[in-house]
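Structural features, examined
Residues per chain, in single letters:
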Amino acid sequence: MRALPIVALALASAACQPSVEERAQTAKALVDRYCTDCHNDAERTGELTLERLALTDVGAHADVWETVVRKLRGRMMPPAGEPLPEAAATGELVAFLEEQLDRAAAASPNPGTKSLHRLNRTEYGNAIRDLLALDIDASAYLPNDSEAYGFDNIADVLGTDPSLMDRYLSAAWKITSAAMGDTDIAPAVATYRVPPDRSQRDHVEGLPLGTR
C-alpha cells in the first residue's frame, strides 16, 4: 500500500512530460525564429537550408541536424549580432535533436563500408606466425606503413603499388624458403657410441630402460 503514492507520482510526472510531437513543434518554432532567416531556400547561407526540414523526422536528414547540433553546442550559431535564444531553449533544442538522432541511428545502424586493404607489417608478421609457426621481423622485409590519424591500420592509406607488391613477393619467397628449409640437403647418419665403462644404473625419463 505504501508504494501507491510513489506509483501515482511517477504516472503524474510522466503525464506532465511533453510528447515527441509537442517537443518537435517547440523545436520547429525555435528554428523558424532564429535560424531560417539565413538558412532558407532562397539565401542558403553556408549552403544550408532548414526551411523545409521536418523536426518530426530528424533521422531523415541526420547529416544536416548533426551539423546543427555541432554549431549550437559550440555556440557558433546564431552568429554575433543576431538575436539569441535563451540558453535553456537552446539546450532543450540540442537535447531533442540528439535524442532523435540517437534513436534513428539505433533503429537503422549504418557502420559504413570497410575498404579492401592489404595487411600492414604487424598484421603480416602475425599471419606468418599463425600459418607457418615462424616468428619473423617484418620490418626486415617490408617498408614502413603509412599512417593516418596516428594509426597504421587505416584502410584508406593501406594501398598497394608495383614496387610495394615486389617487396611483398620477395618477402614471401624468403619466408617460405625459411619455413620449408633446404630441400637439397641429403640425409645423414651419425652413430654415437657409449663408452663401455659408463654406468647405466640411472634412468633418464623418456628414454628406454638401460639408456643413459
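Below: a short report on this structure. (Residues numbered from 1 in each chain as written. Predicted model: local features only at pLDDT ≥ 70, side-chain atom pairs only at ≥ 80, totals over all residues. Heavy atoms only, no water.)

The omega torsion of the bond from Met77 to Pro78 falls at -10 degrees, within 30 degrees of zero and hence cis. Assignment of secondary structure puts Pro78 in the loop between helix H3 (62-73) and helix H4 (87-107). Positive phi, normally seen in glycine, also occurs at Ala133, with a value near 55 degrees. Within the fold, Ala133 resides in the loop between helix H5 (121-132) and helix H6 (162-180). Although it is not a glycine, Tyr149 sits at a positive phi angle of roughly 60 degrees. As for its placement among the helices and strands, Tyr149 is situated in the loop between H5 and H6. (Helix = DSSP H or I, 4+ residues; strand = E, 2+ residues; numbered from the N terminus.)

Let us now look at H5. Here H5 spans 16 Å end to end across twelve residues, near enough to the 16 Å set by a 1.5 Å rise per residue. Of the residues making up H5, those classed as buried are Arg121, Tyr124, Gly125 and Ile128. One side of H5 holds all its buried residues, which, seen down the axis, span an arc of 100 degrees. Seen from the buried face of H5, the exposed residues on the opposite side, beyond 90 degrees, are Thr122 and Asp130. Where H5 is buried, its residues touch H6. Within two residues after H5, Ala133 carries a phi angle of roughly 55 degrees, on the positive side. (Expected span 1.5 Å × (residues − 1). Buried < 20%, exposed > 50% of the residue type's maximum accessible area, 1.4 Å probe, protein only. Arc of directions from axis to C-beta. Contact = heavy atoms within 4.5 Å.)

It is worth spelling out the packing of aromatic side chains at this point. Here the distance between the centres and the angle between the planes together describe a pair of aromatic rings. Within the structure shown, the criterion is met by one aromatic pair. With centroids separated by 5.3 Å and ring planes inclined at 90 degrees, the aromatic side chains of Tyr124 and Tyr168 adopt a geometry described as edge-to-face. Highlighted residues: Tyr124 in helix H5 and Tyr168 in helix H6, separated in sequence by 44 residues. This pair shows no difference in class: Tyr124 is buried, exactly as Tyr168 is. (Phe/Tyr/Trp six-rings, centres within 6.5 Å; stacked < 30°, edge-to-face > 60°.)

Here H4 is 21 residues long and its end C-alpha atoms lie 30 Å apart, about the 30 Å a rise of 1.5 Å per residue gives. Close packing links the buried residues of H4 with helix H2 (20-34) and H3.

On the surface, Met165, Leu169 and Trp173 cluster together into a nonpolar patch covering about 360 Å² of accessible area. Assignment of secondary structure puts Met165 in helix H6. Assessed through its relative accessible area of 39%, Met165 is described here as partly exposed. (Patch = residues over 30% accessible without salt bridge, like charges linked within 9 Å, V, L, I, M, F, W, Y side chains within 5 Å. Areas by Shrake-Rupley, 256 points an atom, 1.4 Å probe, with all protein chains shown as cover. Salt bridge = Lys/Arg side-chain N within 4 Å of Asp/Glu carboxyl O.)

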